[in-house]
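Residue-level structural notes
Next come the chains, spelled out residue by residue.
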Amino acid sequence: MTAPNPLYSDKKINRRAALLAVLLFMLLAASAACLLYSRYKAPKALKAHIYLRGELLTSIDLRTVTEAYTFRVEIPGGGSNTIGVKPGSIAVLDADCPDRLCVLAGYTDTTLLPIVCLPHGLIIRLEADQYASPDVISY
């Protein structure tokens, strides 16, 4: 009979498995912390610019909104979007487009991504202070 190899003993495997589990947990925790930090560090929007087919319809200063309200944007040739505004954020609440992806975006208050309804040509672009928003390099 040969002696068991000490590299493959049960204790050695259990220690390696525990070390791997700890390292994976630390990696997961660090990733979650980075995601949460980037979410809260993203600049908050100050103004919302609403465009319809490339033309500016209106701009809303989200800092001055004190009560929630909604309004409707009629699309030439048929269709409409209902836009909801509440203090500090904006959303497309209802749309009669086929995919309704703009509605799924929900309320947003960050400048990182616009709300877009491609079938209607509606874009809601949020703008923050010039020095608070990310530039091309950091985005």
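Below is a summary of the structure that appears in this document.

The rules behind the values
Residues numbered from 1 in each chain as written. Predicted model: local features only at pLDDT ≥ 70, side-chain atom pairs only at ≥ 80, totals over all residues. Heavy atoms only, no water. Pairing = 2+ DSSP bridges. Helix = DSSP H or I, 4+ residues; strand = E, 2+ residues; numbered from the N terminus. Axes fitted to C-alpha atoms, helices over the stretch in contact; angles between N-to-C directions. Phe/Tyr/Trp six-rings, centres within 6.5 Å; stacked < 30°, edge-to-face > 60°. Lys NZ or Arg CZ within 6 Å of the ring centre and 35° of its normal.

This brings us to the sheet that holds strand S4 (residues 80–86). Here we have three strands laid out as an open sheet, ordered S3-S4-S5, and antiparallel in their pairing. Of all the strands in the sheet, just strand S3 (69–74) and strand S5 (89–95) have a single pairing partner and so form its edges. For this sheet, the mean angle separating the axes of adjacent strands, direction not counted, is 25 degrees. Across six bridges, the pairing between S4 and S5 is antiparallel.

Moving on: the packing of aromatic side chains. Per the counting criterion, the structure on display carries one aromatic pair. Between Lys86 and the ring centre of Tyr107, over which it is positioned, the NZ or CZ distance is 4.2 Å.

Two orientations exist for strands paired in a sheet by backbone hydrogen bonds: parallel and antiparallel. Sheet architecture is open: four strands sit in the order S2-S1-S7-S6, paired in antiparallel fashion. With one partner strand each, in any of the chains shown, strand S2 (55–61) and strand S6 (115–117) form the two edges of the open sheet. Across the sheet, the mean angle from the axis of one strand to that of its neighbour is 15 degrees, orientation sign disregarded. In this sheet, strand S7 (residues 122–127) lies alongside strand S1 (residues 47–52) in antiparallel orientation, the contact comprising six bridges. Along S7, the bridge assignment pairs His49 with Arg125.

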